[in-house]
Every structure is written in C-alpha cells, then in structure tokens.
Amino acid sequence: MVLALVLSGAVLALVLLGLFAFGLRRRLIQRPGGTFDCSLRWGAPDPGEEAEAGGKGWVYGVSRYSGDRIEWFRVFSYAPRPRRLLEREAIEVLERRRPEGDEELALLSDSVILACSHRGTRVELAMSEDALTGFLAWLEAAPPGQRVNVA
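In short, a report on the structure. The structure displayed is predicted, hence computed values, not measured ones.

## Quick look at a nonpolar patch on the surface
- A contiguous nonpolar surface patch, about 480 Å² in accessible area, is contributed by Val11, Leu12, Val15, Leu16 and Leu19.
- Looking at where leucine 19 falls in the secondary structure, it is placed in helix α1 (residues 2-30).

Shown next, in the form of structure tokens:
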C-alpha cells in the first residue's frame, strides 16, 4: 500500500514538473517580446494538391521576431531552440486565404493562412488577423537595399 502511494506521488510529481516546464519554456520564449501564436506547415502542397492534403501537416507553435528573422518554436516541445528560422530577405509572400475544409479543425478559429516561399520551399503560416498585419509590416520594414517580396 505504501509503495503504491509513493509511486502515485512520484508519477503526479513528474506530471506536474512536466507541465511546469512547458509553462516556463513558453514564458522564456515570450520574455523578450515580439511573439505571436503561429501554426506552420513546412513543405506545404501546391494549391492543386490542396484537396488531398486537407488539414494535415499543421503544427501549432509560437513565433518570435528576432532582428531580420522569425524564430518559430513548437508549443508542445521542451527544446529551448527554435525549430525553424525564417529570414526576412528569403520570404516571398505568394497568397493569403482563409482555412478551408479540414484546416478549419486543425487551426485556431480566427486564423488567416499566408502561403510563402522560403528559399524554394513552400511554407504556410496560420495566424490571427492582427498577427498577420504585424508580420506583413515587419516584412515591408526591411532595411534599404534589401528586396521584399510581398504580394
């Protein structure tokens, strides 16, 4: 009986420690500011293939502005480093659209999808309307002499 209580207590402590670590990591990511919720689909299918892909491939995350790049972190991860880096001069905006079909279930309710190309790879970012406005303003605010590809 005592062993069962000790094991139950240890499991509960590990679960609470894991939840605390998730919260602490998110807090540390957001600490410098300039963060926004952003789902990402890397290597997204072309528009003609969209009917097959549906809502597959979306990963929920948090993005952070860091100089001339965006750092993207997975929400459900303990990794302290960003999973993806998007450099401002390499981002080319292709289109903007609303979620369709299964995407509506895979993304947050107020999301807008921005299809981009980053160094030849199709990337889709899903974010709120306010975050999209800030993202596009950040893209257009490139220093003089840098090319900006906003459609």
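## Observations regarding the side chain of serine 39
- Here serine 39 shows up in strand β2 (residues 39-42).
- In this structure serine 39 touches Trp58, Val59, Tyr60, Gly61, Leu107, Glu124, Leu125 and Ala126, once residues within four positions along its chain are discounted.

## Some details on helix α4 (residues 129-140)
- Here α4 spans 17 Å end to end across 12 residues, near enough to the 16 Å set by a 1.5 Å rise per residue.
- Among the residues of α4, Ala131, Leu132, Phe135, Leu136, Trp138 and Leu139 are the ones counted as buried. End-on view of α4: buried residues confined to an arc of 155°, all on one side of the axis. Every exposed residue of α4 that faces more than 90 degrees away from the buried side is listed here: Asp130, Thr133 and Glu140.

## A short note on the pattern of salt bridges
- Inspection of every chain in the model, using the stated rule, returns 12 salt bridges.
- Between arginine 64 and glutamate 71 there is a salt bridge, with its nearest N and O atoms 2.6 Å apart.
- Within this structure, Arg41, Glu95, Arg97, Glu103, Arg122 and Glu124 form a network of salt bridges that share partners.

## Some details on the packing of aromatic side chains
- A complete count under the given rule lists 3 aromatic pairs for this structure.
- Here the aromatic rings of phenylalanine 135 and tryptophan 138 are separated by 5.9 Å at their centres, their planes lie at 35°, and the arrangement is tilted. One end of the pair, phenylalanine 135, and the other, tryptophan 138, are both in helix α4, 3 residues apart, so they sit about a helical turn from each other.
- Within the aromatic cluster, the residues linked to one another by ring pairs are Phe36, Tyr65, Phe135 and Trp138.
- The ring of tryptophan 42 has arginine 84 lying over it, and the distance from NZ or CZ to the ring centre is 4.2 Å.

## Quick word on the environment of serine 117
- Within the secondary structure, serine 117 is located in strand β7 (residues 112-118).
- In sequence terms serine 117 and valine 93 are 24 residues apart; their C-alpha atoms lie 6.5 Å from each other.
- With residues near it in sequence (within four places) discarded, serine 117 still touches Ala90, Ile91, Glu92 and Leu94.

What counts as what
Residues numbered from 1 in each chain as written. Predicted model: local features only at pLDDT ≥ 70, side-chain atom pairs only at ≥ 80, totals over all residues. Heavy atoms only, no water. Patch = residues over 30% accessible without salt bridge, like charges linked within 9 Å, V, L, I, M, F, W, Y side chains within 5 Å. Areas by Shrake-Rupley, 256 points an atom, 1.4 Å probe, with all protein chains shown as cover. Salt bridge = Lys/Arg side-chain N within 4 Å of Asp/Glu carboxyl O. Helix = DSSP H or I, 4+ residues; strand = E, 2+ residues; numbered from the N terminus. Contact = heavy atoms within 4.5 Å. Expected span 1.5 Å × (residues − 1). Buried < 20%, exposed > 50% of the residue type's maximum accessible area, 1.4 Å probe, protein only. Arc of directions from axis to C-beta. Phe/Tyr/Trp six-rings, centres within 6.5 Å; stacked < 30°, edge-to-face > 60°. Lys NZ or Arg CZ within 6 Å of the ring centre and 35° of its normal.

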